[in-house]
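Report on the structure
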Amino acid sequence: MKPLDPRLVRRSGAARRFLLAGGALALVQAAAMLAFAGALATLVAGLIDGMRMPQAAPLLTMLIVAASARAIAAWLWELVGSSGAMRVKAQLRAELLTALERRPAGVPGFPTARVAMLLGPGLDALDGYFGTYLPQLVLTAVATPILITATWIADPLSGLVLVIVLPLIPVFMALIGMATGAVQRRQWESLAALSRGFLEVVGGLSTLIVYGRAERQTKRIRAVTDEYRARTMKVLRITFLSGFTLEFAASLSVALVAVSIGLRLVAGDLTLAAGLFVLVLAPEVFLPLRNVGAAFHASAEGVTASADAFEMLDATEESGEQPASGATSDAASDRDRQAGSAGAGGLELVDVRVRRGERVVVDGVHLEARAGRVVAVTGESGVGKSTLFAAILGFVDAEGEIRLDGRPLGGDRSGIAWAGQSPTLFAGSIAENVRLGDESAPPDLLWRALRLAGVDVDPERSLGPGGAGLSGGQAQRVATARAIHRLLARDGRLLLLDEPSSALDAEREAELGRSLREVAGEGRAVVVATHRRALVEVADTVVDLAVAHA
Amino acid sequence: MPESTRAVLRSAIPSLRRLLPSVIFGIASAGSSVALLAASAWLIARAAEQPPVLYLSLGIVGVRAFALGRAVFRYLERLTGHDASFRQLAVIRAGVFERMIPVAPDGLASSRRGDLLDRFVGDVDELQNVPLRVVQPIVSAVVVLTLAVAAVSLLAPASAAALLTCLVLGIGATLLVQRWAATRAERTLAPLRGELQAATVEHVQALDVLVAYDAAAAGRRRIEAIGSRLARATRSRAAAAGAASAAMTAVGGFAVAASLASAIPLLESGRIDGPTFAVLCLVPLAIAEAAAAIPLASSAWRLARSSAERVAHAVPAEVPAELPTSPPDPASPPAANLPPAIALRDLTAAWPASGQGRDGSTVGRPVAGADPRPPALAGLDLDLAPGERVLVRGESGAGKTTLAHVLVRFLDYRGSYRIDGIEASELEPAAVRRLIGLVEQRPWLFDEDVRQNLLFARDAATDDELLEVLDRVGLGEWVAERGGLDAKVGERGALVSGGQAQRISLARAMLARFPVLVLDEPTANVDPARADALLRDLTDAAARDGATVVLISHTPVDEAVVDRVVTLDAGRDVSRGPLPIAEPVR
């Protein structure tokens, strides 16, 4: 695993600024540490040697100033880390949201739940990454060499000890990691399953009660948790070894340095001030590296989060070329235009094919919906009705030709109004929901759309998040009204409705059928995916996708 | 802190015997750390006086021993501490679970909705941090600090006093700032974070609609606006949190200066020698490092405490009045081989205030605290003849699910509910549940194979019996395609569709051979185009054993599959009145 994703630095200006500010703060911190150790060593050695208060006072002041400077630098670190995290998160969030709009029907490999997870708690992992891990990493990179150099100047032998021991730490940790990595991974996998044991029992509690199995679960919880403990401890015994290595190397070098300084002081090869200076500095050399080790978890989460984000950005870009309606030769376009001018407006699909990975979801569909006509698309659930609509909308890539009024659509949605299978309403009034995207349309359009869709609820009634507060049928009718409103407001050519009557009773379904005829009668094409007989009956043409596939 | 939270927290603390090893190792490790610096300072200052090397050997041995001790004891502290806290986790989980059983499922605030469930389980598991990150570090740090300050006071009381003052002021200031920042975070950050997450989820889930209506950019700007409000709040909290960590950083330096300044007169008057003076000057650094554990433990304490509060809130300590309890002298239940006759008279039932809606929402449910709450069932009369198939329909909030939960005794009732003439409240709730089974709206599938998900309904069933019952619910082909009974259903049934989950769950209920079976909204999470077929299959399969079937459904049902239709409205049977439009509900 890389400690820092180079893509993050390359792509995010906020991340670059954070690293620069952090580097500067690390310099301040290193300088404060040196000043503190220098003042302390000089003071102690001098006072033992008989220094008087007047000489000691400026050093004492320096001690306090250095301690304060270090504290203030630590405070600034916190600020820089947090605003760095905020900026990078905002930048990534904006990029991800924009990228998602290119693939409204979903990014392959990124189901909605994963996207929501990534945009929320996923990006929040960057807080720990920028707040805890990166500062220590920068501090290690900037301050450690300075402190070692200062030690070297004060006492080359101690400097040598540090230079030898310090690189051993990552080497040992890597060795431990390599030796145990495979075992650890296997262990963690079985641990994840064990740790879900309790969640399963709690989640399935009512089911367990129905079958009279709840009481006996207590013993099982104890057993599973105890096995979880035993296995985790096996893993931890090894995991903690790397912590032990760090601690051990740090305290051993302090001991080595102290003993060697002591012996050379006895011999008179070194001054007390230099010796104390090195002694105070030695643990500080190891501190940032120890903290990097401690913040390892935060780093793993942060790196995963940013890698996920970039993976998704790449995924949207890979398939992000304009989902076109396939190759249409110039000659064909001319023919189309002539056809269009001849009044044969409407939707025309020629041999449309949609692949999802290896699978062909929509296979060679031909469909013609002239202006003024209602076309019903039928077929078993899963036969690709919704995918066909997504292809017309340009939400998924499709092969073949998709033309509206003779022109290849090429993802142009301006003349299309669509209502999907689930109503997908928003918090706000019903009127606001219906006028989505066309807020400035004249109010009589609103009333007409509501009437055509059969909405009999007060349009000023406000809905909760996700449109809560309406029954399924009402929500479905509001969603249909929204599509009709867009169609009217933009004088669109094509109305696409996906299962608009699945939650309606027969009477309302018949009303909807009459409305669709009225809309079509004004010279628009209406395509409705349905499995209900009543809607099939009002259609001029019925396209059975299952047959179309065969 | 309410008593219930305190009880939860108490359950998280292991016995002294379990806790002691990690505390002792913690003291040894932090103590070694202080002693290492003291010994090193003494060694160097003493060496500068150029005595014979022999005089230094004790110091040299001490430095090496403490260096080794610090690392080894720390490793042991972590191992024993984690072991103790994991051992306690078994106790915590079992204890919470035992508290849950009498109030489950309808008295529990944590519903099945994934995020709430995850949070509840996370909260229970968070409690193991009480011994590991709170009790043990605080005890170890306080002991080491006391010993260290006491040792310093033997050498120079003035230094000890200065050191103590710095520590108390520094830790006190840190804790105060921390507390202020945490309160602020709870008040402003958490709601903003929730708002941002909700807006993001809504945006992502509705993205196809937003794009199709050219409204995505507006939605994105709204999210960005919430994001920058959150960023501002976070920055001001980071300023406070930074101040706390800065205070702890400064404590070490100031303590050194204070201890040093206090010891100067002693040195000048010759009451202490040079090496002792060096120890007094340097040792505060190590002491401050040990003290840093206290603010960390205090943050951990805050997290654990709010987890304990949520656990205590989610699992009420007392059984609410709306839930059934075992009768003191239970009657003997009717035989389970034939469907009993069921008679409900003037039946009233309500949900407890502590519970949440069946899907985590409160739609159709009385709002907690708004007393008097309207009962969800108000004076219902209903007869179920043996072997009858009855469809119960009605608007959201009409009391359909309440009826199902009363029938299986998840909820208590007033009025009369007789099973073959025996009042249900005189029977053990578990005995009622052997007669009347429920297929829930969201059946829970365990993350095992199909076989395990069926077997717990009847341990002794053979594979042939399992396959036969799967065939009857229309899953015969499916299970063959998936490679038989060993097919995994995935975490929370992730590998099966909503309809398949319902069918598996019905197969399970049929294996248990309930004489009466209640199907609660079996098509709630099923593709509308498949709902009709599913309902027909479920009702047919369930009724084939001659069992009584109560089908609760919001989608229009082909009435040929049932014998009778009951329409509920506001907790009453209105079938005989004017029929309201059978409005499908979400």
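Residues numbered from 1 in each chain as written. Chains lettered and ligands numbered in written order. Predicted model: local features only at pLDDT ≥ 70, side-chain atom pairs only at ≥ 80, totals over all residues.

**What about the overall build of chain A?**
The helix and strand tally for chain A stands at 17 helices and 11 strands. Its C-alpha atoms give chain A a radius of gyration of 35 Å, more than 25% over the compact-globule value 24 Å for 550 residues. Judged by the C-alpha coordinates and their principal axes, chain A covers about 110 × 60 × 50 Å. Looking at chain A as a whole, 51% of its 550 residues are labelled buried. Taking the contacts inside chain A whose residues are at least 6 apart along the sequence as the reference set, 80% of them involve residues at least 24 apart. (Helix = DSSP H or I, 4+ residues; strand = E, 2+ residues; numbered from the N terminus. Rg over C-alpha atoms; globule rule 2.2 N^0.38 Å. Buried ≥ 20, exposed ≤ 12 C-beta atoms within 10 Å, placed from the backbone. Contact = placed C-beta atoms within 7 Å.)

**Things to note about the overall build of chain B**
Secondary structure summary: chain B contains 17 helices and 10 strands in total. Against the compact-globule benchmark of 25 Å for 586 residues, chain B has a radius of gyration of 33 Å, which places it well outside the compact range. Oriented by its inertia axes, the alpha-carbon framework of chain B measures out at about 105 × 60 × 50 Å. Put simply, 83% of the contacts in chain B that link residues at least 6 apart link residues at least 24 apart.

**Some words on the sheet that holds strand S2 (residues 359-370) of chain A**
All names here are of chain A. Within the open sheet, the 4 strands sit side by side as S2-S1-S4-S5. Their pairing is antiparallel. Each having just a single partner strand, S2 and strand S5 (407-408) make up the two edges of the open sheet. Across 8 bridges, the pairing between strand S1 (residues 346-356) and S2 is antiparallel. Across the sheet, the residue bridging to arginine 356 is arginine 359, located in S2. Taken strand by strand, helix H11 (residues 385-393) contacts S1, S2 and strand S4 (399-404), and its axis lies near 70 degrees from that of S2. (Pairing = 2+ DSSP bridges. Axes fitted to C-alpha atoms, helices over the stretch in contact; angles between N-to-C directions.)

**Digging into the environment of B:Ala293**
Residues and elements named next belong to chain B. Checked against the element boundaries, alanine 293 lands in helix H10 (residues 293-314). Exposure remark for alanine 293: the 20 C-beta atoms within 10 Å place this residue in the buried category. In this structure the C-alpha to C-alpha distance between alanine 293 and alanine 30, which are 263 residues apart in sequence, comes to 10.0 Å. Setting aside chain neighbours within four positions, we find alanine 293 in contact with Pro137 and Ala141.

**Observations regarding helix H2 (residues 16-48) of chain B**
Residues and elements named next belong to chain B. Compared with the 48 Å implied by 1.5 Å per residue over 33 residues, the 46 Å span of H2 between its first and last C-alpha is a close match. Summarising burial for H2: 27 of the 33 residues are buried, a large majority. Glutamine 50 occupies a position one or two residues after H2 and carries a positive phi of about 50 degrees. (Expected span 1.5 Å × (residues − 1).)

**A short note on helix H11 (residues 400-407) of chain B**
Among the 8 residues in H11(B), 8 count as buried, and that is most of the element. Just past H11(B), the residue B:Arg409 takes up positive phi, approximately 60 degrees.

**Some words on the sheet that holds strand S3 (residues 374-378) of chain A**
All names here are of chain A. Strand order in this open sheet of 5 strands is S6-S9-S10-S3-S11, and the pairing throughout is parallel. With one partner strand each, in any of the chains shown, strand S6 (416-419) and strand S11 (541-544) form the two edges of the open sheet. On average, adjacent strands in this sheet sit at an angle of 15 degrees to one another, irrespective of strand direction. Of the strand pairs in this sheet, strand S9 (residues 494-498) and strand S10 (residues 525-529) are connected by 5 bridges, and their pairing is parallel. For leucine 495, the partnering residue across the bridge sits in S10 and is valine 526. Relative to S6, helix H14 (residues 472-489) is tilted by about 180 degrees, and along the sheet it contacts S6 and S9. Relative to S10, helix H15 (residues 506-521) is tilted by about 150 degrees, and along the sheet it contacts S3, S9 and S10.

**Points about the pairing of S1(A)**
All names here are of chain A. From the end of S1 to the start of S2, which pair antiparallel, there are 2 residues, and glycine 357 there has a positive phi angle of about 65 degrees. Pairing analysis gives 5 bridges linking S1 to S4, with the strands arranged antiparallel. Among the inter-strand pairings, glutamate 348 is bridged to a residue of S4, identified as arginine 403.

**Here we look at the nonpolar core**
Counting 362 residues, the largest nonpolar core has A:Leu40 and B:Ile44 as its most contacted members. With 22 residues, helix H8 (residues 216-268) of chain B is the largest single contributor of residues to this core. (Core = buried A, V, L, I, M, F, W, Y, C linked by C-beta atoms within 7 Å.)

**Examining the interface of chain B and chain A**
Contact with chain B, which involves 116 residues of that partner, is made by 107 residues of chain A. Its residues assigned to classes, the side of chain B that touches chain A comprises 74 nonpolar, 18 polar and 24 charged. (Nonpolar A, V, L, I, M, F, W, Y, C, P; charged D, E, K, R; others polar.)

**What to know about the environment of A:Met86**
Turning to its location among the elements, A:Met86 is positioned in helix H3 (residues 53-102). In sequence terms A:Met86 and A:Ala14 are 72 residues apart; their C-alpha atoms lie 9.0 Å from each other. The contact partners of A:Met86, leaving out residues within four places of it in the chain, are B:Ala231, B:Thr234 and B:Arg235.

**A short note on the confidence of the model for chain B**
The predicted coordinates of low-pLDDT regions are not to be read in fine detail. All names here are of chain B. Averaged over all residues, the pLDDT of chain B equals 86, while 91% of them reach at least 70. Taken as a whole, residues 355-373 scores under 50 in pLDDT and shows 32 contacts with residues more than four places along the chain or in a different chain. Overall, residues 577-586 carries pLDDT values under 50, and its contacts beyond four positions in sequence, including any with other chains, amount to 25 contacts. Listed scores for the predicted complex are pTM 0.80 and ipTM 0.82. (pLDDT = per-residue confidence, 0-100.)

**Regarding unusual backbone geometry**
Residues and elements named next belong to chain B. The amide bond that connects alanine 104 to the next residue, proline 105, takes the cis arrangement and shows omega of -5 degrees. Relative to the helices and strands, proline 105 resides in the loop between helix H3 (57-100) and helix H4 (114-126). If you check the backbone angles, arginine 513 has positive phi at about 55 degrees while not being a glycine. Along the polypeptide, arginine 513 turns up in the loop between helix H16 (498-511) and strand S7 (516-520). Residue arginine 513 is classed as partly exposed on the basis of its C-beta count, with 15 C-beta atoms lying within 10 Å.

**Brief notes about the confidence of the model for chain A**
Scored by pLDDT, chain A comes out at a mean of 84, with 91% of its residues at no less than 70. In the predicted structure, residues 320-343 of chain A sits below a pLDDT of 50 and forms 33 contacts with residues beyond four places in sequence or in another chain.

**Observations regarding the packing of helix H2 (residues 13-48) of chain A against H8(B)**
Contact geometry for H2(A) and H8(B): axes closest at 11 Å, N-to-C directions at 10 degrees. By the angle between their directions, the pair H2(A) and H8(B) is classed as roughly parallel. Listed contacts from H8(B) to A:Phe36, A:Leu40, A:Leu43 and A:Leu47 of H2(A) are B:Gly253, B:Val256, B:Leu260, B:Ile264 and B:Leu267. (Parallel < 35°, antiparallel > 145°, perpendicular 65-115°, else oblique.)

**Focus on the packing of helix H14 (residues 463-472) of chain B against H16(B)**
All names here are of chain B. Contact pair H14 / H16: the axes reach a minimum separation of 9 Å and the direction vectors enclose 125 degrees. With respect to each other, H14 and H16 are oriented oblique. Handedness of the crossing formed by H14 with H16: right-handed. Contacts between H14 and H16 involve Val469, Leu470 and Arg472 from the first element and Ala507, Met510 and Leu511 from the second. (Left-handed = near helix turned anticlockwise from the far one by under 90°.)

**Some thoughts on the environment of B:Ala350**
All names here are of chain B. Along the chain, alanine 350 turns up in the loop between strand S1 (342-349) and strand S2 (377-384). The class for alanine 350 is buried, based on 24 C-beta atoms found within 10 Å. Along the sequence, alanine 350 and glutamate 3 sit 347 residues apart, while their C-alpha atoms lie 27 Å from each other.

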